Amino acid sequence: RRAKQDRTGVVEWTPGLDSTQRVDLRQLTELRTGLRAGHLRLHYQPLHDATTREMHGVEALVRWQHPQRGLLPPGVFLPDAERSDVILELTDWVLAEALHQAAAWKRDGHHVPVSVNLPAAYLAQDRAVRTILAMLELERVSPDLLTVEITETAVLTNPDQVAAQLSELRLRGVRVAIDDFGTGYTSLGLLPRLPIDELKIDRSFVVQMHDSPAHATIIDSVIAIAKALGMKVVAEGVEDEQTAADLASAGVDLLQGFHLNRPTPPEAVPLLPVRPLVRIV
Ligand code: C2E
Ligand code: MG
Ligand code: MG
Ligand code: MG
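Since we're looking at a predicted model, the values are computed, not measured. (Residues numbered from 1 in each chain as written. Chains lettered and ligands numbered in written order. Predicted model: local features only at pLDDT ≥ 70, side-chain atom pairs only at ≥ 80, totals over all residues. Heavy atoms only, no water.)

### What about the layout of surface pockets?
Move 1: In this structure, the largest pocket encloses a volume near 1200 Å³.
Move 2: Considering only residue class, the lining of the largest pocket consists of 20 nonpolar, 13 polar and 11 charged. (1 Å grid on protein atoms, 1.4 Å probe; cavity = no way out; pocket = protein on both sides within 12 Å on 5 of 7 lines; lining within 4 Å. Points joined across faces, edges and corners; volume = space filled by probe spheres on them. Nonpolar A, V, L, I, M, F, W, Y, C, P; charged D, E, K, R; others polar.)

### A word on the side chain of Glu198
Move 1: Structurally, Glu198 can be placed in strand 9 (residues 198-201).
Move 2: With a relative accessible area of 3%, Glu198 lands in the buried category.
Move 3: If we ignore the near neighbours within four places in the chain, the residues touching Glu198 are Thr147, Arg175, Val176, Ala177, Ile178, Met231, Lys232, Val234 and Leu254. (Helix = DSSP H or I, 4+ residues; strand = E, 2+ residues; numbered from the N terminus. Buried < 20%, exposed > 50% of the residue type's maximum accessible area, 1.4 Å probe, protein only. Contact = heavy atoms within 4.5 Å.)

### Looking at the packing of helix 3 (residues 86-107) against helix 5 (residues 128-139)
Move 1: Two numbers describe how helix 3 lies on helix 5: the axes approach to 9 Å, and their chain directions differ by 30 degrees. As the angle between them shows, helix 3 and helix 5 are arranged roughly parallel. Viewed along their axes, helix 3 and helix 5 form a crossing whose handedness is right-handed. Taken together, the residues of helix 5 that come into contact with helix 3 (itself represented by Asp92, Leu95, Ala96, Leu99, His100 and Ala103) are Thr131, Ile132, Met135, Leu136 and Glu139.
Move 2: Here the residues of the contact of helix 3 with helix 5 sort into seven nonpolar, two polar and two charged. (Axes fitted to C-alpha atoms, helices over the stretch in contact; angles between N-to-C directions. Parallel < 35°, antiparallel > 145°, perpendicular 65-115°, else oblique. Left-handed = near helix turned anticlockwise from the far one by under 90°.)

### Notes on the environment of Leu118
Move 1: Its location among the elements puts Leu118 in the loop between strand 6 (114-117) and helix 4 (120-123).
Move 2: On the accessibility criterion, Leu118 (4% relative accessible area) is buried.
Move 3: Distance from Leu118 to Thr147, taken between C-alpha atoms, is 9.7 Å for residues 29 residues apart in sequence.
Move 4: If sequence neighbours within four positions are ignored, Leu118 has contacts with Thr91, Leu95, Leu123, Ile132, Val148, Glu149 and Ile150.

### Considering the coordination of the magnesium ion (ligand 2)
Move 1: Taken together, the protein ligands of the magnesium ion (ligand 2) are Glu59 (OE), Asn117 (OD1), Glu149 (OE) and Asp179 (OD), with distances of 2.0 to 2.2 Å.
Move 2: Ordering the donors of the magnesium ion (ligand 2) by residue number gives the pattern E-x57-N-x31-E-x29-D. (Donors = N, O, S within 2.8 Å, 3.2 Å for Na, K, Ca; no water.)

### Things to note about the coordination of the magnesium ion (ligand 3)
Move 1: Within the protein, the atoms that donate to the magnesium ion (ligand 3) are Asp179 (OD) and Glu236 (OE), at distances of 1.8 to 2.0 Å.
Move 2: Here the magnesium ion (ligand 3) and the magnesium ion (ligand 2) are spaced 3.5 Å apart, linked through Asp179, which binds each one. Remark: Glu236 occurs in the loop between strand 10 (232-235) and helix 10 (241-250) and Asp179 occurs in strand 8 (residues 175-181); sequence separation between them is 57 residues. Glu236 carries the same exposure label as Asp179, and that label is buried.

### Points about the environment of Leu199
Move 1: When you line up the elements, Leu199 lands in strand 9.
Move 2: Spatially, the C-alpha atoms of Leu199 and Glu59 are 14 Å apart, while their sequence positions differ by 140 residues.
Move 3: In this structure Leu199 touches Ile178, Phe181, Leu191, Val222, Ala226, Met231, Lys232, Val233 and Val234, once residues within four positions along its chain are discounted.

### Comments concerning the pattern of salt bridges
Move 1: The tally for this structure, following the rule as stated, stands at 11 salt bridges.
Move 2: Here Arg83 and Asp80 are joined by a salt bridge, their closest N and O atoms 3.7 Å apart.
Move 3: Residue classification places Arg83 among the partly exposed positions, given a relative accessible area of 45%.
Move 4: The class of Asp80 is buried, set by a relative accessible area of 10%.
Move 5: Between Asp92 and Arg127 there is a salt bridge; the shortest N-O distance is 2.8 Å. Here Asp92 is found in helix 3, whereas its partner Arg127 is found in the loop between helix 4 and helix 5, with 35 residues between them in sequence. (Salt bridge = Lys/Arg side-chain N within 4 Å of Asp/Glu carboxyl O.)

### Describing the nonpolar core
Move 1: Counting 76 residues, the largest nonpolar core has Leu31, Tyr44, Leu90, Val114, Ile150, Leu247 and Leu255 as the members making the most contacts within it.
Move 2: No other element matches the 10 residues that helix 3 contributes to this core.
Move 3: Leu90 has contacts with Leu31, Leu35, Leu40, Phe77 and Leu78, leaving out every residue within four places of it along the chain. (Core = buried A, V, L, I, M, F, W, Y, C linked by side-chain atoms within 4.5 Å.)

The structure is reproduced here in structure tokens:
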């Protein structure tokens, strides 16, 4: 059996598609139930200032605490979720949870900007911006504490609508990052038209920069382009000190990777001690 395609071009999923397209419906149903039962978790991976190495903020990364299979990474369940509407409910949860955590840190005296991954399908909803703004208000979190990360693919599925939504968010103070930059198909000509604060260079370039002069050159070019357009540059997948030092001297603003910190539950995020309040009498 094959996928049926109707006149609107919408593909209806049927069993029997090739294995790359197969959706594990049982797991997907279980995910929806698990989500509603409170089995999802967010881990947070710090982003560090490339020069001072101070923690600058965190990226929220979803996990599934499965009752039988243990803690599952997103690669196991997100691709299927993204082919269904489960991704919308999941993203609502991720946003709410991440903002709730940012608010909790703030109450404890910590200023921790949080980045959240936003899938294309989420931004395609008319309610996306309204929902995000309502959540910020509910948690009384200042919009500039939130960065939304979107991929190039997400931008390209509907550049005008996505750009409009992102502009609206940015107008309210939310920051916008392009994730995994370099792996998609964004034409460079599109970049100046997009409302973006940050480019995140994909890990595949970062891990190869020492073995491949071409990758190092690409990184230098991305930094030059980002700077020219007034964007910050983040490098993900920094796994050793040499890479961290070289990226810093190349002009990368923020570093993220196992060399600096792994994703952890919120209570293990290495926050700076809160400065004691000094009263002058
Ligand atoms: P991403 O947004 O590019 O996130 C970075 C991924 O790289 C994370 O994997 C992180 O654990 C991993 N990583 C960070 N530093 C290093 C390093 O030095 N070396 C290596 N080898 N890996 C590193 P994770 O948590 O498995 O997430 C994978 C992808 O799943 C994410 O890539 C993102 O695309 C997606 N994802 C994760 N959480 C969410 C979410 O809440 N919502 C959505 N829509 N997507 C998410
Ligand atoms: Mg990301
Ligand atoms: Mg990334
Ligand atoms: Mg990545």
